[in-house]
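# Coordinate inspection notes
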Amino acid sequence: MNAATVHVFGAGYVGLVTGACLARSGHDVTVLEIDASKLAALRDGRSPFFEPGLTEIMAQAQADGRLRFAHTDDAGTLGEFIFVAVGTPMTQGGAADLRAVRQVVGLLQDNAPPDSVVVMKSTVPPGTGSGLAAKLAERGIGYVSNPEFLREGTAIEDWYSTDRIVLGGEATNLDRVAALYADIDAPVVRASIPAAELVKYASNAFLATKISFINEIAAVCDVVGADVTQVAAAVGMDHRIGSSFLRAGVGYGGSCFPKDTQALDFLSAFNGYDFHLLKAVIEVNARQRMLPVKALRTRLGPLPGRRVAVLGSAFKPDTDDTRESPGLDIVRLLLAEGAEVACYDPVAKPVLDDPSFMLCDSLDDALAGAEGAVLATEWPEFIGADWGRLTGLMAPPRVVFDGRNVLDPAPILAAGGVLIAVGRPV
């Protein structure tokens, strides 16, 4: 594999993982970042977010001289491949905010060398890239849509063991970008630019649909007295369906699923199509956050002055990302009900400006004296804890809402507690 010269705009989650992994694969990579404090940390070998294995890859690549960090204003002569990995956050109306993408592409129109290829890693709505590609082509610059499929917490594994590499654009440019991934044993899917863009949205929307679907089945289980874990296990054995993402709970969160489902719904509506199924997926996910609050209100009565522990503020284990976190949504709902909330997460440390919110340093601190508790994130530390002892630290009636269906009821019940799960009779 021939080493290529690569610049990456954006040292966020996607950009930093992309830059570090390409450097590890032998390419000469410069990651460009506009935030001075983040840039200082990166040059010092520190990742601005928690991702297992990333810091080690960064350190080795920096030591080998293959990974550097620079301010966007000091980019210098750009390389033959320029990755765009800036944020496309959700606007209040649900659309993707493309201002950062357009700013970078505008910069590249004037500064990227002819015959270079701009590789779009940022998630942009289908139809966006064709217009960007046309502008860049005026100066002989190529464009390839290359959506990412990285899961937070397993990003390094996902990079090297991906199910597919999706590339959208003209054949010559696709071949050049595919060569960057020569060390990865995965099928390369070549498509048009809008098709490649839609693959990302369709994949996340479908996975979100599976989550909301099993949560709907959990609601039916509550009505008929069935156990959703048994139902999901048997349904998932069908090879046409598969077992992944069939876990009932308090819903999905993070930087991708909520943003991408909303953006796809907005795009559809904006172009005159009413995506009924996707609207239901989003609605069900929002409803799941309310389940533990309703359950606690039923068991404890009015919540003003009641102490409730919320376990998990990261949206999933092995990350410190709290974007669209079910746990934090539940915290806010409880605070709005007047409860006193004690929150603990092994990695994520959110700060809320509310006198009734307490950030705790351990499970013991969070649960001591709490009348209710909500497990919102399935951290191994929570699953493997001594729940008989922890339940004993709580104050009566010791109501534990298992928002991920991962706890063994026996020790909680033996300690005089009450366990409530999602679609799972206890």
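Please refer to the structure placed before this passage.
Below or above, wherever it landed, is the structure these notes cover. (Residues numbered from 1 in each chain as written. Predicted model: local features only at pLDDT ≥ 70, side-chain atom pairs only at ≥ 80, totals over all residues. Heavy atoms only, no water.)

### A look at helix H1 (residues 13-24)
Note the following rule: In this description a helix means any DSSP run of H or I spanning at least four residues, a strand means any run of E spanning at least two, and both kinds are numbered starting from the N terminus. Multiplying 1.5 Å by the helix residue count minus one yields the expected span of that helix. In this scheme, a residue with accessible area under 20% of its type's maximum is buried, one over 50% is exposed, and one in between is partly exposed, where area comes from a 1.4 Å probe on protein chains only.
The end-to-end C-alpha distance of H1 is 17 Å, a good match for the 16 Å that 12 residues give at a rise of 1.5 Å each. The buried fraction of H1 amounts to 11 of the 12 residues, a majority that puts the element mostly inside the structure. Within the span of H1, buried status applies to Tyr13, Val14, Gly15, Leu16, Val17, Thr18, Gly19, Ala20, Cys21, Leu22 and Ala23. The first or second residue beyond H1 is Gly26, which carries a positive phi of 105 degrees.

### Section: the sheet that holds strand E4 (residues 81-84)
The condition is simple: Note: two strands are recorded as paired if DSSP finds a minimum of 2 bridges between them. Angular values range over 0 to 180 degrees, each being the angle between N-to-C directions of two axes fitted as lines to C-alpha atoms, with helices fitted over their stretch in contact.
One open sheet holds the 8 strands; their spatial order is E3-E2-E1-E4-E5-E6-E7-E8, and the pairing between them is mixed. This sheet does not close on itself; its edge strands, each paired only once, are strand E3 (67-71) and strand E8 (188-191). Averaged over all pairs of adjacent strands, the angle between their axes in this sheet comes to 25 degrees, without regard to strand direction. Taken together, the 5 bridges between strand E2 (residues 28-33) and E3 define a ladder with parallel strand orientation. Bridge pairing in E3 links Val29 to Leu67.

### So, the pairing of strand E1 (residues 5-9)
Among the 5 residues in E1, 4 count as buried, and that is most of the element. As defined by bridge partners, E1 adjoins E2 across 5 bridges and the pair is classed as parallel. Bridge pairing links His7 to Thr30 in E2. For E1 and E4, the ladder comprises 4 bridges, and the chain directions are parallel. Along E4, the bridge assignment pairs Val8 with Phe83.

### Re helix H8 (residues 193-224)
Note the following rule: Here a polar contact is taken to be a pair of N or O atoms separated by no more than 3.5 Å, where protein atoms must pair a possible hydrogen donor with a possible acceptor and residues adjacent in sequence count only if both atoms sit in side chains.
Here H8 spans 47 Å end to end across 32 residues, near enough to the 46 Å set by a 1.5 Å rise per residue. By the N-cap criterion, in which a side-chain oxygen at the helix start approaches the backbone nitrogen of a residue two or three places on, H8 is capped by Ser192, the distance to Ala195 being 3.3 Å.

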